[in-house]
Amino acid sequence: MTPEEAALREKREAPMRDQFLEHYLLVHLNDKRRALLGLLVCADTHGNIILQETTEYLVEPTGQLIASRFVPLLMVPGKYIDRVAKSSGNEATLPSTWDPYM
C-alpha cells in the first residue's frame, strides 16, 4: 500500500472509528453462542478490538442473553466478530434500543 493509499484509508476510517470509541458495544461472536458487552477502548486496521469492563453472555437458541462472567480487559480478534451493535447511550446495560452495525 502506498503512503497516499494509507492516508486515504485513514481519512475514510477515522470518523467511523471515532464514532464507536468509548461507547459500549454488544459484540456477537461467529460461534453464535457468545456475545460480549464492553467499552470499546481500541481498534486496529485488522478489525481487532479491545473491550474494557466486559461481560460475556451466553446466547440461548431463543436469542436470549444470559450473563456468564466478567472480564476486566479483553482483546477480540476481528476474524471472530459476527456483528456489532452500539449502545444509544453510554451505559453498560442491555437496553432494547441498540443501533445495529453489521
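What you see is a predicted model; the values in this text were computed from it and never measured.

Novice: Could you give an account of the packing of aromatic side chains, with specific residues and numbers?
Specialist: A complete count under the given rule lists zero aromatic pairs for this structure. The aromatic ring of F20 is capped on one face by K86, whose charged end is 5.6 Å from the ring centroid.

Novice: Before we move on, could you go through the nonpolar core and cite the residues and values that matter?
Specialist: Listed in full, the ten residues of the largest apolar core are F20, L25, V27, L29, L36, L40, I49, L51, V76 and V84. Going through the elements one at a time, β1 (24-29), β2 (34-43) and β3 (49-59) are the ones with two or more residues in this core. For V27, the residues in contact, after removing those within four places along its chain, are R34, A35, L36, I49, L51, I81, R83 and V84. Grouped together as the second largest cluster of nonpolar side chains are seven residues, L26, A35, L37 and A85 included.

Novice: Tell me about the pairing of β1, and please be specific about residues and values.
Specialist: Judged by how many residues are buried, β1 sits mostly within the fold: six of six residues are covered. As judged from the five bridges shared by β1 and β2, these two strands associate in the antiparallel manner. Its bridge partner being in β2, V27 is matched across the sheet by L36. Count of turn residues in the β1/β2 antiparallel hairpin: four residues, of which K32 carries a positive phi of about 65°. The sheet contact formed by β1 and strand β5 (residues 81-87) spans five bridges and is antiparallel. Of the residues in β5, the one forming a bridge with L25 is K86.

Reading the values: the criteria
Residues numbered from 1 in each chain as written. Predicted model: local features only at pLDDT ≥ 70, side-chain atom pairs only at ≥ 80, totals over all residues. Heavy atoms only, no water. Phe/Tyr/Trp six-rings, centres within 6.5 Å; stacked < 30°, edge-to-face > 60°. Lys NZ or Arg CZ within 6 Å of the ring centre and 35° of its normal. Core = buried A, V, L, I, M, F, W, Y, C linked by side-chain atoms within 4.5 Å. Buried < 20%, exposed > 50% of the residue type's maximum accessible area, 1.4 Å probe, protein only. Helix = DSSP H or I, 4+ residues; strand = E, 2+ residues; numbered from the N terminus. Contact = heavy atoms within 4.5 Å. Pairing = 2+ DSSP bridges.

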